[in-house]
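These are the residues of each chain, in order.
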Amino acid sequence: MSQRPAILVLKNLTKSFGKFNAVDGVDLDIADGEFFTIVGPSGSGKTTMIRMLAGMEPATSGDIILRGERINDVPANRRPTCMVFQSLALFPHRTVGENIEFPLKIRGVPPAARKEKALALLRQLRLPESYYGKSVLKCSGGERQRVALARALAFDPEILFFDEPLSAIDYKLRKTLEKELKDIHRETGKTFIYITHSLEEAMVMSDRIGVMRAGKLVQVGTPNEIYSAPRDKFVSEFMGDVNVIPVSLAGGKLISASFDRSFTPPGLPDGFASGHLVIRPEYMRFLDSPDDAENSLSGRLYNEYALGSRIQYQIRAGDHVFIVEKLRQQAPALDLDQSVLIGWDAKDSVLVRD
Ligand code: ATP
């Protein structure tokens, strides 16, 4: 993906509301054909960012450059981009076909050609052609989602923006639509820029993810890079359940005030003095002896939770709670309050600054 030319370049992009910077000096290159997701907690500036990119909100300063041309002052309807909203913004009293054909109609495409294109888009979005004459009010939530996407594609934009389109949809259907969206991205080859507060959703679909916090992009990388090498405590915790131990460096070892022992670091960032050791729950192991892993701790099983194909254990050690996850078929049977020894190898941990 990185060899492809950039379609969109952002330079020091800032949006201020009074003295408050909702988007604060963002630099970013998005490659042509990339599926790029901006993820961050509520209020981090995702919507403001995407509204500036789509031309719905003027930038306070900085540049938005599309294929080498600065487009800050180009109005939304003159940009080769299209937005798919959470609310979908479909015309409720029109048919599926009329909704999809709308962009073609305003461009003066003749009826027969419009219909042909609408039917092709229905096929691409895996909806039956018979839906052409169906009222959108009679479509399910997932079907409306597909109609909205078909209409966006009918604009033939170079970039599609998605503003949390799946957040109001129930879990099972959302999981299906995430995969479909990734397939449609692949089939169309267009650039998709997506915002969500769900990193899980971002992980499934994206080529790269940008994690936003307080108006800044704190880390940009592939899902794998963000998952296995989070840059700081915020990103690692945003990734979901994770073990985070506050540590400081002493004599080449990591010591934690919470535990009467030291840990082997996975490699020290330059000038590291203190920060957090991060260990994902699937890398934590139950040990028979402290020698079975480079780092170990003893604790007690507080509870366990069935998470579909995995079992998650909550282990209390000192004033700390650890999470261990095992695939169901490899999960040990443990009793509540049972003493357990848990551990990890240094290579399976990440050391982050605060
Ligand atoms: P959410 O996930 O809740 O939609 P978000 O990450 O999309 O959040 P934004 O909607 O971009 O965040 O808002 C970023 C910050 O900018 C918030 O603190 C918000 O209150 C503020 N903000 C957004 N629009 C305006 C506005 N028109 N006037 C003043 N402040 C605003």
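Residues numbered from 1 in each chain as written. Predicted model: local features only at pLDDT ≥ 70, side-chain atom pairs only at ≥ 80, totals over all residues. Heavy atoms only, no water.

1. Structural notes on the overall build of the protein
Okay, so step 1: Broken down by element type, the protein carries eight helices and 20 strands.
Okay, so step 2: Dimensions of the protein, computed from C-alpha atoms along their principal axes, come out at roughly 75 × 45 × 40 Å.
Okay, so step 3: Taking all contacts inside the protein whose residues are at least 6 apart in sequence as the whole, residues at least 24 apart take part in 67%.
Okay, so step 4: With an accessible surface of roughly 17,000 Å², the protein has 49% of that area assigned to carbon and sulfur atoms.
Okay, so step 5: On the protein, the mean spot of the 46 positive side-chain charges and the mean spot of the 45 negative ones are 7 Å from each other. (Helix = DSSP H or I, 4+ residues; strand = E, 2+ residues; numbered from the N terminus. Contact = heavy atoms within 4.5 Å. Areas by Shrake-Rupley, 256 points an atom, 1.4 Å probe, with all protein chains shown as cover. Lys, Arg positive; Asp, Glu negative; His and termini not counted. Charge placed at Lys NZ, Arg CZ, Asp CG, Glu CD.)

2. Observations regarding the site of the ligand
Okay, so step 1: Residues in contact with the ligand, as listed here, are Phe 17, Phe 20, Ala 22, Pro 41, Ser 42, Gly 43, Ser 44, Gly 45, Lys 46, Thr 47, Thr 48 and Glu 164.
Okay, so step 2: One of the backbone nitrogen or oxygen atoms of Ser 44 is found 3.1 Å away from an oxygen atom of the ligand.
Okay, so step 3: For the ligand, the accessible surface in isolation is 640 Å², of which the surrounding protein chains cover 57%.
Okay, so step 4: Elements with a contribution of two residues or more to the shell around the ligand: strand S2 (20-31) and helix H1 (46-54).
Okay, so step 5: The element contributing the most residues to the shell around the ligand is H1, with three residues. (Near = heavy atom within 4 Å. Polar contact = N/O pair within 3.5 Å; in protein donor to acceptor, adjacent residues only side chain to side chain.)

3. Section: a nonpolar patch on the surface
Okay, so step 1: Judged by side-chain polarity, Tyr 302, Tyr 305 and Leu 307 come together as a nonpolar surface patch covering roughly 260 Å² of accessible area.
Okay, so step 2: Among the structural elements, Tyr 305 can be located in strand S16 (residues 295-307). (Patch = residues over 30% accessible without salt bridge, like charges linked within 9 Å, V, L, I, M, F, W, Y side chains within 5 Å. Salt bridge = Lys/Arg side-chain N within 4 Å of Asp/Glu carboxyl O.)

4. Here's the deal with the pairing of strand S8 (residues 191-196)
The two faces of the sheet receive side chains in turn, since in a regular strand these alternate between them.
Okay, so step 1: In terms of burial, S8 is largely enclosed, as six of its six residues are buried.
Okay, so step 2: The alternating pattern of S8 places Thr 191, Ile 193 and Ile 195 and Phe 192, Tyr 194 and Thr 196 on opposite faces, both of which are buried.
Okay, so step 3: Looking at chain direction, strand S3 (residues 35-39) and S8 are connected through five bridges and run parallel. Within the sheet, the bridge partner assigned to Thr 37 lies in S8 and is Tyr 194.
Okay, so step 4: Here strand S7 (residues 159-163) pairs with S8 via five bridges, running parallel. By the bridge assignment for S8, Phe 161 is matched with Ile 193.
Okay, so step 5: What joins S7 to S8 is helix H5 (residues 171-188), and the crossover it makes is right-handed. (Buried < 20%, exposed > 50% of the residue type's maximum accessible area, 1.4 Å probe, protein only. Pairing = 2+ DSSP bridges. Right-handed = clockwise from strand over helix to strand, strands pointing away.)

5. What about the pattern of salt bridges?
Okay, so step 1: Overall, the coordinates contain 22 salt bridges when judged by the stated rule.
Okay, so step 2: Between Arg 208 and Glu 34 there is a salt bridge, with the nearest N and O atoms lying 2.4 Å from each other. Taken as a pair, Arg 208 in strand S9 (residues 208-213) and Glu 34 in the loop between S2 and S3 lie far apart in primary sequence, 174 residues in all.
Okay, so step 3: A relative accessible area of 23% places Arg 208 in the partly exposed class.

6. As for the sheet that holds strand S11 (residues 243-250)
Okay, so step 1: With antiparallel pairing, five strands are arranged side by side in an open sheet as S13-S12-S11-S14-S20. Of all the strands in the sheet, the pair left with one neighbour each is strand S13 (262-263) and strand S20 (349-352).
Okay, so step 2: As defined by bridge partners, S11 adjoins strand S14 (residues 274-279) across six bridges and the pair is classed as antiparallel. The residue of S14 that forms the bridge with Pro 246 is His 276.

7. What about the environment of Pro 269?
Okay, so step 1: Within the secondary structure, Pro 269 is located in the loop between S13 and S14.
Okay, so step 2: For Pro 269, a relative accessible area of 25% corresponds to the partly exposed category.
Okay, so step 3: Pro 269 sits 84 residues away from Arg 353 along the chain, and the two C-alpha atoms are 8.7 Å apart.
Okay, so step 4: Once residues within four sequence positions are removed from consideration, Pro 269 is found in contact with Leu 351 and Arg 353.

8. Some thoughts on the sheet that holds strand S4 (residues 61-66)
Okay, so step 1: In spatial order, the strands read S2-S1-S4-S5; together these four strands make up an open sheet with antiparallel pairing. Of all strands in the sheet, those with a lone pairing partner are S2 and strand S5 (69-70), marking the two edges.
Okay, so step 2: Contacts from H1 reach strand S1 (6-17), S2 and S4, with the element oriented near 120° to S1. (Axes fitted to C-alpha atoms, helices over the stretch in contact; angles between N-to-C directions.)

9. Some words on unusual backbone geometry
Okay, so step 1: Positioned with a positive phi, Arg 67 is a non-glycine residue whose angle comes to about 40°.
Okay, so step 2: Here Arg 67 is to be found in the loop between S4 and S5.
Okay, so step 3: Overall, Arg 67 belongs to the partly exposed group, its relative accessible area being 44%.
Okay, so step 4: A positive phi angle is found at Arg 126, which is not glycine, with a value near 60°.
Okay, so step 5: Relative to the assigned elements, Arg 126 resides in the loop between helix H3 (111-124) and helix H4 (141-154).

Any functional reading would require information beyond the geometric quantities listed.
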